[in-house]
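Survey of secondary and tertiary structure
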Amino acid sequence: MIEYRNLRIALLGAGSVGAQVADQLLTHADELAARVGARLELVGVAVRDVDAQRTTDIPRELLTADAESLILGSDIVVELMGGLEPARTLILQALTSGADVITANKALLATHGPELFETAEQVGAQLYYEAAVGGAIPIIRPLRDSLAGDRVTRILGIVNGTTNFILDRMDKHGETMEQALATATELGYAEADPTADIGGYDAAQKAGILASLAFHTLVPAEAVYREGITEVSLDDVRAARKAGYVVKLLAICEKIVDPLTLEAGVSARVYPALIPDEHPLAAVHGANNAVFVEAEAAGPLMFYGAGAGGIQTASAVLGDVVSAARRHVVGGPGVAESTHANLPVLPISAVTTRYQITLRVADQPGVLATIATLFSEHGVSVETVEQSVVSISEREGAAEPAATLVIGTHEASDADLAATVAALTTSTVVHSVTGVLRVEGL
Ligand SMILES: NC(=O)c1ccc[n+]([C@@H]2O[C@H](COP(=O)([O-])OP(=O)(O)OC[C@H]3O[C@@H](n4cnc5c(N)ncnc54)[C@H](O)[C@@H]3O)[C@@H](O)[C@H]2O)c1
Ligand SMILES: N[C@@H](CCO)C(=O)O
Ligand code: NA
């Protein structure tokens, strides 16, 4: 039997992901040792309460409430507590003590990424974060390493498992958002505060990370335009299905070149959008994620798989642990973050998209013409108009005759669309604007 040296692994947090990472390290210790050329010795697991129930069996003697002492003398520290503090302080302590750090904490990276990466570079340590985006899907390493010689032009993806799971359940089972979120939480997909998921914050943090890597430009989460799914109703999902679309929370990162000045900028945005039934992203169900990457030389690439879940995410964490461990065995500086392009990050006003607008209107002659004029007055070109066969007034038995109009637009700017919607809202022939969703993937 080969005698390997030991590398000391400290794990911070033993929740959905952490408990699975501990289990994998213990169960597959021999195989991991052979792959790395060193034994990955789990020296301790920092937890809040050593007596709490966990999803996997972690030997009692490994559990400690003292994370700071555990870090000292560790070669690799795996942070899976989540949240900003004490995660930030502990990671800084770990890096400055010379340990490589693995984290799945996109909220922390989105907020304190530059400080953490600078510290890592100064002390010659590495910070790995494959699990922070797309869960189990390899996406960080492909962007950072495999595509390092190419020029990425666009990323379009579903990067939040919880919201994809919720929208899918609304679509397939007619569940409300609240019902579906409760199940997503039970299954370990949701963040500790699920507002991060349904508000689009988690996806925006991931979009910032992806855009930074893809365009070699620091894109903080707050520079990412964000809309969550809280305004998406069961009616929106049903209407989309009827019209041949599905609603998905999309993250879009692209390089936009101004046609006049030829200056390039980066747009990163997250919003719910309609995508056609036949688009590959429409077939991404449950908590799965999918990320399309378009690069100049490679063309379109697609990365697909489990975007959330304890054991699935543990796979990405373990991959990072093995990479870090190999670096300890072989030596060398590792990969530094690259922000050399330093492109401007563009506001949402720099972007144009198609829209689908659902209106409840007066069911009387001349209404269509009035509405068409409103659109054109605000610079938005109408592509399709459909009137629902059964008018809402018939369905609901309302006194006043009303009908539902579904209007598809050509590409329009955010500002023009907002002005059109404001004008529609105050028009006497419009009873209400019941839905405004962007359309992508056509
Ligand atoms: N669950 C997923 O599918 C998933 C996927 C990708 C990334 N992530 C990220 O992984 C991280 C962990 O997620 P999770 O789902 O395992 O969360 P979780 O809430 O299930 O687990 C976190 C654990 O850390 C413990 N903890 C928190 N603060 C602590 C402290 N100060 N000291 C000791 N223990 C502490 C908590 O008690 C909890 O047991 C988060 O950053 C999350 O965003 C999760
Ligand atoms: N809450 C996150 C976990 C994975 O990052 C999600 O649902 O995608
Ligand atoms: Na990943």
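The shown structure was predicted, so the numbers you read here are calculated from the model rather than taken from an experiment.

A closer look at the coordination of the sodium ion (ligand 3)
Coordination of the sodium ion (ligand 3) by the protein involves Glu130 (O), Glu130 (OE), Val133 (O), Gly135 (O) and Ile137 (O), with metal-donor separations of 2.3 to 2.7 Å. One chain supplies every donor to the sodium ion (ligand 3), and in sequence these donors are spaced E-x2-V-x1-G-x1-I. Here the two residues glutamate 130 and glycine 135 agree in accessibility, since each one is buried.

Focus on the site of ligand 2
Among the 13 residues in the neighbourhood of ligand 2, the closest are listed as Lys106, Gly161, Thr162, Tyr189 and Glu191. Within the contact set of ligand 2, an oxygen atom lies 2.5 Å away from a side-chain nitrogen or oxygen of lysine 106. Within the side chain of asparagine 160, one N or O atom sits 3.4 Å away from an oxygen atom of ligand 2. Surface burial for ligand 2 is 94%, taken as the share of its 250 Å² of free accessible area covered by protein chains. Within the residue set of the shell around ligand 2, elements represented by two or more residues are helix H7 (161-173) and helix H10 (201-215).

Regarding the domain arrangement of the protein
Domain assignment breaks the protein into domain 1 (7-135 + 311-330), domain 2 (140-306) and domain 3 (351-439). Contacts between the two partners involve 18 residues from domain 1 and, on the opposite side, 16 residues from domain 2. In total, about 1,400 Å² of surface goes out of reach between domain 1 and domain 2, with carbon and sulfur atoms giving 58% of it. Its largest share of buried area at the contact with domain 2, domain 1 owes to Lys106, Tyr129 and Val133, together 39% of the area lost on that side. Connecting domain 1 to domain 2 are three salt bridges. Linking aspartate 202 and lysine 106 is a salt bridge whose minimum nitrogen-to-oxygen distance equals 3.3 Å. For the interface between domain 1 and domain 2, the tally reads six residue pairs in polar contact (both at pLDDT 80 or more). Where the side of domain 1 that touches domain 2 is concerned, the elements lending two or more residues are helix H5 (106-123), strand E6 (127-128) and helix H12 (310-330).

Comments concerning the UniProt feature "binding site: NADPH" (unreviewed entry) in the protein
The UniProt feature table records "binding site: NADPH" (unreviewed entry) at Lys106. Secondary-structure assignment places lysine 106 in helix H5. Taking relative accessible area as the criterion, lysine 106 reaches 11% and is therefore assigned buried. When neighbours within four sequence positions are excluded, lysine 106 is seen to be in contact with Ala132, Glu191, Asp202, Gln205, Lys206 and Ile209.

Observations regarding the site of ligand 1
Contacts to ligand 1 come from 21 residues, most closely from Ser16, Val17, Lys106, Glu191 and Gly309. Taking 820 Å² as the accessible area of ligand 1 by itself, protein coverage stands at 81%. Classifying every residue of the shell around ligand 1 by side-chain character gives 10 nonpolar, eight polar and three charged.

What counts and how
- Residues numbered from 1 in each chain as written.
- Chains lettered and ligands numbered in written order.
- Predicted model: local features only at pLDDT ≥ 70, side-chain atom pairs only at ≥ 80, totals over all residues.
- Heavy atoms only, no water.
- Donors = N, O, S within 2.8 Å, 3.2 Å for Na, K, Ca; no water.
- Buried < 20%, exposed > 50% of the residue type's maximum accessible area, 1.4 Å probe, protein only.
- Near = heavy atom within 4 Å.
- Polar contact = N/O pair within 3.5 Å; in protein donor to acceptor, adjacent residues only side chain to side chain.
- Areas by Shrake-Rupley, 256 points an atom, 1.4 Å probe, with all protein chains shown as cover.
- Helix = DSSP H or I, 4+ residues; strand = E, 2+ residues; numbered from the N terminus.
- Domains from an automatic or database assignment.
- Contact = heavy atoms within 4.5 Å.
- Buried area = accessible area lost by both parts, 1.4 Å probe.
- Salt bridge = Lys/Arg side-chain N within 4 Å of Asp/Glu carboxyl O.
- UniProt positions renumbered as here; feature names shortened; annotations may be inferred.
- Nonpolar A, V, L, I, M, F, W, Y, C, P; charged D, E, K, R; others polar.

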